[in-house]
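Observations on the three-dimensional arrangement
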Amino acid sequence: MSASQLSTLLVHGSGHDAQHGGVHPAIHPSVQYGHARVEDLIGVFQGTNKGGFNYARQGTPTTAALEALITKLEGGVGTVSFATGMAAIQAVFFTLLKAGDHLVTGDQVFGNTSSLLGTLEGLGVQVSRVNACDAQAVAAALRPTTRLVFVETIANPTTRIPDLAGIGRVCKERGLLYVVDNTVTSPALYAPRVHGAGLVVNSLTKTIAGHGTALGGAVTDTGCYDWAAYPNLFPAYRQGDPRAWGLQQIRKKGLRDMGATLSSEAAHRIMVGAETLSLRLQRCAATAMQLATFLEGHAAVARVHYPMLASHAQHAWAREWFGGNGSWMLSFELRDEAALVPVLNQLRIPIKATGLADTRTLVIPVAPTIFWEMGAAGRAAMGIAEGLVRVSVGLEDADELVADFAQALA
Ligand SMILES: *Cc1c(COP(=O)(O)O)cnc(C)c1O
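As the structure is a prediction and not an experimental result, all values here were calculated from the model.

1. Brief notes about the overall build of the protein
- Scanning the protein from N- to C-terminus turns up 14 helices and 12 strands.
- Looking at the 410 residues of the protein, the share that counts as buried comes to 53%.
- Within the protein, contacts between residues at least 6 apart in sequence are counted, and of these 69% link residues at least 24 apart.
- Of the roughly 16900 Å² of accessible surface on the protein, a fraction of 55% belongs to carbon and sulfur atoms.
- Mean positive and mean negative side-chain charge positions of the protein (31 and 32 charges, respectively) differ by 6 Å.

Put into structure tokens, the structure is as follows:
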């Protein structure tokens, strides 16, 4: 999809309120959905009344409008939305895996996802964590019981990028389900489908909604994976077009049974936020690049991690796969770890907060906060320096922001 097609899709892709002509889709608060003929109600339960609703835990017309938009953005065949990104990831793992199954993931995944994988291990699912920059390491970790491979596009906070293409080839050769968390890049920068991902997860909270006022998550089926080959599908969901089987199970088990459903109000806010996705990404990435370049040249800074810097280990991949846009996240290591707290306290514009992809720039010292629980040895093993600062770049004026970092570092 070209950048101009994307811009048009972002403002028109969620449709409108057909009943009254409202230019935005309506916010539907109803929990119950009635039908004039009981046959139509029966059809919702049996899957023959396509697009019908019955109980809002499985979705509303408003969440359906958002799901249709995400499906178009990802070039997929269907999407299920969830209350949060974690709920979406949880639904993928808990609806598709059984005790005794094995999965392969990167050794640098979102902290809460890593913690969730620990929960899965406790329930009898085996997890191998490998350096996903090396597709051969992924291939070497595969077992006869491997059911899926899960990676993220840009790791938080190191900005490391896995070999998304190479892993896609390995999964295709072995007929394995390839799941990609596209949260940091979003479908505006990268379509995991092009490298063979069967499922794409997005935390809608971050890049897509973009304003820090709504939580949400989504799982999109790209149509790349042949669900007829997947062993853990219940007979009830092996009905109709096999391309729909996986998502049928994720919706029924993940929403109906597990219940972390996105509200219509949050879906509305996410759709409004998504309209400016392309504009925000261009602006945030340009500012991030200016800030990264400034920091890389500063004597107090030991290292800067940003995919568009030539010094980034996966710079060539980022240029090729993400259209030369490094997104809104960067991190940098202060030479003097003792300066971490005073320097961040000196900043006037960025907000000292956790969280990612707000309109406001957010900064956080990584070691004493989001990576505190794992201890110094765990951080060292993951390449997290004690003086590391994560920056989620917002929409402020770039020159003002850089000047603010300059005065704080001085
Ligand atoms: C934030 C995040 C999540 C979780 O999303 P929530 O909406 O906060 O639950 C998952 N994956 C990645 C890469 C994230 O950054």
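From this point, the discussion proceeds with the structure in view.
2. Observations concerning the packing of aromatic side chains
- One pass over the full model with this rule turns up nine aromatic pairs.
- With a centroid separation of 5.0 Å and 80° between ring planes, the pair formed by Y225 and W227 is classed as edge-to-face. Residue Y225 shares its accessibility class with W227, and that shared class is buried.
- Look at F234 and Y237: their rings are 6.4 Å apart centre to centre, the planes differ by 80°, and that puts the pair in the edge-to-face class.

3. Focus: the site of the ligand
- Around the ligand sit 13 residues, and of these G85, D181, S203, T205 and K206 come closest.
- Between the ligand and the protein, one listed contact pairs a nitrogen atom with a side-chain N or O atom of D181 at 2.7 Å.
- Taking S203, its side chain carries an N or O atom lying 2.8 Å from an oxygen atom of the ligand.
- Burial of the ligand by the surrounding chains reaches 92%, relative to a free accessible area of 380 Å².
- Sorting elements by how many residues they give to the shell around the ligand places helix α4 (residues 85–96) first, with three residues.
- The residue inventory of the shell around the ligand, partitioned by class, reads four nonpolar, six polar and three charged.

4. Details of unusual backbone geometry
- Across the junction of N156 and P157, the peptide omega takes the value 5°, indicating a cis bond.
- In this structure, P157 sits in the loop between β4 (146–152) and α7 (164–174).
- Residues other than glycine seldom take positive phi values, yet T159 does so here, at roughly 60°.
- Structurally, T159 is set in the loop between β4 and α7.
- At A357, a residue that is not glycine, the phi angle is positive and equals roughly 60°.
- Within the secondary structure, A357 sits in the loop between β10 (351–352) and β11 (362–365).
- Residue classification places A357 among the buried residues on the basis of a relative accessible area of 6%.

5. Section: the domain arrangement of the protein
- Segmentation of the protein into domains returns domain 1 (3–274) and domain 2 (277–409).
- Computed over C-alpha atoms only, the centres of domain 1 and domain 2 are separated by 28 Å.
- Here domain 1 and domain 2 share an interface that buries about 2700 Å² over both sides, 67% of which is from carbon and sulfur atoms.
- Summed over the three residues of domain 1 that lose the most area to domain 2, namely P157, I161 and L189, the buried surface amounts to 24% of that side.

6. Topic: the packing of α4 against helix α8 (residues 245–257)
- Direction vectors running N to C along α4 and α8 enclose 105°, while the axes themselves pass 9 Å from each other. The orientation of α4 with respect to α8, classified from their angle, is roughly perpendicular. Between α4 and α8, the contacting residues are A91, T95 and L96 on the first element and Q249, I250, K253 and G254 on the second.
- Tallied by class, the residues present in the contact of α4 with α8 amount to three nonpolar, three polar and one charged.

7. Comments concerning the environment of P192
- Structurally, P192 can be placed in the loop between β5 (177–181) and β6 (199–203).
- By relative accessible area, which is 0% here, P192 ends up buried.
- Residue contacts for P192: discarding those within four places in its chain leaves E74, V180, N182, A197 and V200.

8. Here we look at the pairing of strand β3 (residues 126–130)
- When strand β2 (residues 102–106) meets β3, the two strands line up parallel, connected through five bridges. The partner of V104 across the bridge, within β3, is S128.
- For the crossover that starts at β2, traverses helix α5 (residues 111–122) and ends in the parallel β3, the hand is right-handed.

9. Here we look at the layout of surface pockets
- Of the voids in this model, the largest pocket is the one considered here, and its volume is about 1100 Å³.
- Lining of the largest pocket is provided by 37 residues; of these, G47, K50, G51, Q248 and R251 occupy positions nearest its centre.
- Of all the secondary-structure elements, those providing two or more residues to the lining of the largest pocket are α2 (38–46), α3 (61–74), β1 (78–82) and α8.
- In this structure, the second largest pocket occupies an estimated 530 Å³ of space.
- F110, G111, N112, I370 and F371 are the residues nearest the centre of the second largest pocket, which is lined by 23 residues in total.
- Those elements that provide at least two residues to the lining of the second largest pocket are β2 and α5.
- With five residues, the top contributor of residues to the lining of the second largest pocket is α5.
- Here the lining of the second largest pocket is composed, by residue class, of eight nonpolar, 10 polar and five charged.
- Two domains each donate at least three residues to the lining of the second largest pocket, and these are domain 1 (3–274) and domain 2 (277–409).

Analysis parameters
Numbering of residues begins from 1 in every chain and follows the order in which that chain's sequence is written. In view of the model being predicted, local features appear only for residues whose pLDDT reaches at least 70, and side-chain atom pairs are presented and counted only at 80 or more, with totals across whole chains, interfaces and linings using the full set of residues. Only hydrogens and water are set aside when side-chain values are computed; all heavy atoms of the structure are taken into account. For helices the rule is a DSSP run of H or I covering at least 4 residues; for strands it is a run of E covering at least 2, with both sets numbered from the N terminus onward. Note on exposure labels: buried denotes an accessible area under 20% of the residue type's maximum, exposed denotes more than 50%, and partly exposed covers the range between, all computed with a 1.4 Å probe on protein chains only. Two residues form a contact once any of their heavy atoms are found within 4.5 Å. Computed by Shrake-Rupley with a 1.4 Å probe, the accessible areas treat only the displayed protein chains as cover when residues are assessed. His is not counted here, nor are the chain ends, while Lys and Arg score as positive and Asp and Glu score as negative. Charge positions are represented by NZ for Lys, CZ for Arg, CG for Asp and CD for Glu. Aromatic pairing here means that ring centres of Phe, Tyr or Trp (its six-membered ring) are within 6.5 Å. Orientation follows from the plane angle: under 30 degrees is stacked, over 60 is edge-to-face, and everything else is tilted. Here, proximity means that at least one heavy atom of the residue falls within 4 Å of the molecule or strand. Here a polar contact means two N or O atoms within 3.5 Å. Within protein one must be a hydrogen donor candidate and the other an acceptor candidate, and residues neighboring in sequence count only if both atoms are side-chain atoms. Residue classes follow a fixed rule: Ala, Val, Leu, Ile, Met, Phe, Trp, Tyr, Cys and Pro count as nonpolar, while Asp, Glu, Lys and Arg count as charged, and any other residue, Gly among them, counts as polar. Those domain boundaries reflect an automatic or database domain assignment. Note on definitions: buried area is the accessible-area loss of two parts on being combined, 1.4 Å probe, summed for both. Each axis is a line fitted through C-alpha atoms, and for a helix only the stretch in contact is used; angles between axes span 0 to 180 degrees, taken between their N-to-C directions. We call two directions roughly parallel when the angle between them is under 35 degrees, roughly antiparallel when it is over 145, roughly perpendicular when it lies between 65 and 115, and oblique otherwise. Note on pairing: two strands pair once DSSP finds at least 2 bridges between them. Throughout, right-handed denotes a crossover for which the path from the first strand over the helix to the second runs clockwise when the strands point away from the viewer. Cavity means a closed set of points on a 1 Å grid over the protein atoms alone, one where a 1.4 Å probe fits but cannot get out, pocket means an open set with protein on both sides within 12 Å along at least 5 of 7 lines, and lining means a residue has an atom within 4 Å of a point. Grid points are joined across faces, edges and corners, and a volume is the space filled by probe spheres set on the points.

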